[in-house]
Each structure stands twice: as C-alpha cells, then as structure tokens.
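Below, each chain spelled out in residue letters.
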Amino acid sequence: MTRTQRLLTLLQILKENRYPITAEVLADKLQISVRSIYRDIESLRNQGAEITGEAGIGYQLKSGLLLPPLTFDINELEALILGLRWVESNTDKELSHSALRAINKINAVVTTQHQTLLEQNTLFVPTNQIIEVDHTIAKDMRFSLREEKKAKIDYKDAQKQLSTRIIWPIAVGYFQDSQVIAAWCELRQSYRHFRLDRIISYQVLSDNLPYPKSYLLSRWKKEILKETPDKN
C-alpha cells in the first residue's frame, strides 16, 4: 500500500481501539517496522490528529473525530451490515475477516445514535456454511481475479472425472449451495463455470490474461444471454 493508504489505515486502527495500542502491535498489523510506526504517528500528529501516548506505553486517538461521521441513513446502514454479516458467515477466512474489519470501521465513524442502532440491530443471516470452502483456493482465486492472471486448476466434474485446465478467471458467483468461478477454458476453447468445491488445486500463473478482464467479462455476459431461453 502507499504511505497515504498506510496512514489512513493506521488512523482507522487507532480509532477502532478504545485502549492504548503499542507500536509493536501496530507494526505487526501493518507489516512495517516499529521505527516506521513512530514516524507515521508523528506525521498524523503534524496533520492534526490528536494522538496521545508514547513509545513503550502505547498510542490512542482522542475521541474527537478527525473526519466527519459518515452520513448513511439507518436503512443504508442496516443493508451494509446485513450484507457484511452474510460475507462474514458464508465465505472463506480472509474475506470473512475483511467483512468483520469493515463492520468495525463503519461502527467507528458513524454517529453515536447510529452506533446504538447498529448494536441493537435485529437483522441476522445464517451463521453456518452450507458447503465447505477451501480457504487457500478461495484466496488464490480472488488474487488471480484482481491481478488478471491465468490459473492452472485440477478439476473433478460431476461424473468424478479429473482434468487439468488452464483458465482465464473473470468472475465469481456466490450461490446458496456453491461458489462458482466463470472463466475462459483453454482446453475447451470456450467459457466454462467451475464449482470451487470441485477444484482440487488452484495455481496462480505468472501469465497475464491475453485480454483485459473487462473485455472478457462483457463477452461472457453476451454468451450467457445467448444461452438464456426466450420466455416470450
């Protein structure tokens, strides 16, 4: 991440903690040196952040908000929290932890009135996954999607036939009973859909996609529309 992103993340971590947090813990969270934390703390102070504490004791952001509270209405907040709770309960570990951090960030910057409403929110989602998710495969899959990299997979189809494919990942869908990745398959020379629970291994390759992901996605959507039966 850039230094600006790191400073904003550091500020957010301080806002989420009610008690002083040591430079060592902050360095571990941001994966930088303790010395860099000291410099970043000073940079935030110079920019107006009221951060109390010192080296060896811990740092804490004063209750006054440096940034204005987010202006979501309660329906928007409930929609956000409900969606994030679904992600927290129904996806792999990395995405689940990210959803929880997002909830904490939202709670840290909304008004006090909305914080109370969120704490008393009675909208819930199922907390048990219908299918098991291979956390490593799911993480590597999202990485290949973000970085627009080809992937090599070992796949077992519905008939238990095992095959090795080179795919161009373009999208992933989260359904009630499965997670499915849409991709161009070099073996079949067409778009295919692969269930994550049938992927035995997933290796991100160094090769970039031969076309931008946005182009492949638009072509895939056109193929899907062709396959959709006309209801008229």
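As the structure is a prediction and not an experimental result, all values here were calculated from the model.

Asks: How should I be thinking about the packing of aromatic side chains in this particular structure?
Replies: In total, this model carries 6 aromatic pairs according to the counting rule given. Ring centres of W86 and Y174 lie 6.4 Å apart, and the angle between their planes is 90 degrees; this geometry places the pair in the edge-to-face category. Within this pair, whereas W86 is found in helix 4 (residues 74–90), its partner Y174 is found in strand 4 (residues 162–174), the two being separated by 88 residues in sequence. What links up through ring pairs into an aromatic cluster is the set W168, W184, Y191, Y211 and Y215.

Asks: Teacher, can you tell me more about the nonpolar core here?
Replies: A general tendency of soluble globular proteins is for nonpolar side chains to be buried together. With 17 residues, the main nonpolar core has L10, L14, L26, I37 and I51 as its most contacted residues. Those elements that place two or more of their residues in this core are helix 1 (3–16), helix 2 (23–30), helix 3 (34–46) and strand 2 (58–61). The element best represented in this core is helix 1, accounting for 5 residues. Not counting residues within four places of it along the chain, the set of residues in contact with I37 comprises L10, A23, L26, A27, L30 and I32. Ranked by size, the runner-up nonpolar core spans 16 residues in total, among them I153, Y155, I167 and I181.

Asks: Just to check I follow, could you spell out the pattern of salt bridges for this structure?
Replies: Side-chain pairs of opposite charge can arise whenever the charged atoms involved come near each other. As enumerated under the stated definition, the model contains 7 salt bridges in all. The closest approach of N and O atoms between D92 and R142, which form a salt bridge, is 2.5 Å. Separated by 50 residues along the polypeptide, D92 in the loop between helix 4 and helix 5 (93–109) and R142 in helix 7 (residues 135–147) bring together distant segments of the chain. Each of the two residues, D92 as well as R142, counts as buried. Between R195 and D197 there is a salt bridge; the shortest N-O distance is 2.8 Å. Each of R3, R6 and D40 takes part in one network of salt bridges that share partners.

Asks: Sorry if this is basic, but what is going on with unusual backbone geometry here?
Replies: Peptide bonds are, in most cases, trans, and in most cases residues other than glycine have a negative phi. You will see that Q31, though not glycine, has its phi angle at about 55 degrees, which is positive. Mapped onto the elements, Q31 comes out in the loop between helix 2 and helix 3. Judged by relative accessible area, Q31 falls into the exposed class, the value being 73%. At Q189, a position not held by glycine, the phi torsion is positive, near 55 degrees. Within the element layout of this structure, Q189 appears in the loop between strand 5 (179–185) and strand 6 (190–195).

Asks: Would you take a moment to explain the layout of surface pockets for this structure?
Replies: Taken as a whole, the largest pocket spans an internal volume of roughly 650 Å³. T9, I13, K29, R101 and K105 are, among the 19 residues lining the largest pocket, the residues nearest its centre. At the level of secondary structure, the elements contributing two or more residues to the lining of the largest pocket comprise helix 1, helix 2 and helix 5. Ranked by residue count, the leading element in the lining of the largest pocket is helix 5, at 8 residues.

Quick notes on the rules
Residues numbered from 1 in each chain as written. Predicted model: local features only at pLDDT ≥ 70, side-chain atom pairs only at ≥ 80, totals over all residues. Heavy atoms only, no water. Phe/Tyr/Trp six-rings, centres within 6.5 Å; stacked < 30°, edge-to-face > 60°. Helix = DSSP H or I, 4+ residues; strand = E, 2+ residues; numbered from the N terminus. Core = buried A, V, L, I, M, F, W, Y, C linked by side-chain atoms within 4.5 Å. Buried < 20%, exposed > 50% of the residue type's maximum accessible area, 1.4 Å probe, protein only. Contact = heavy atoms within 4.5 Å. Salt bridge = Lys/Arg side-chain N within 4 Å of Asp/Glu carboxyl O. 1 Å grid on protein atoms, 1.4 Å probe; cavity = no way out; pocket = protein on both sides within 12 Å on 5 of 7 lines; lining within 4 Å. Points joined across faces, edges and corners; volume = space filled by probe spheres on them.

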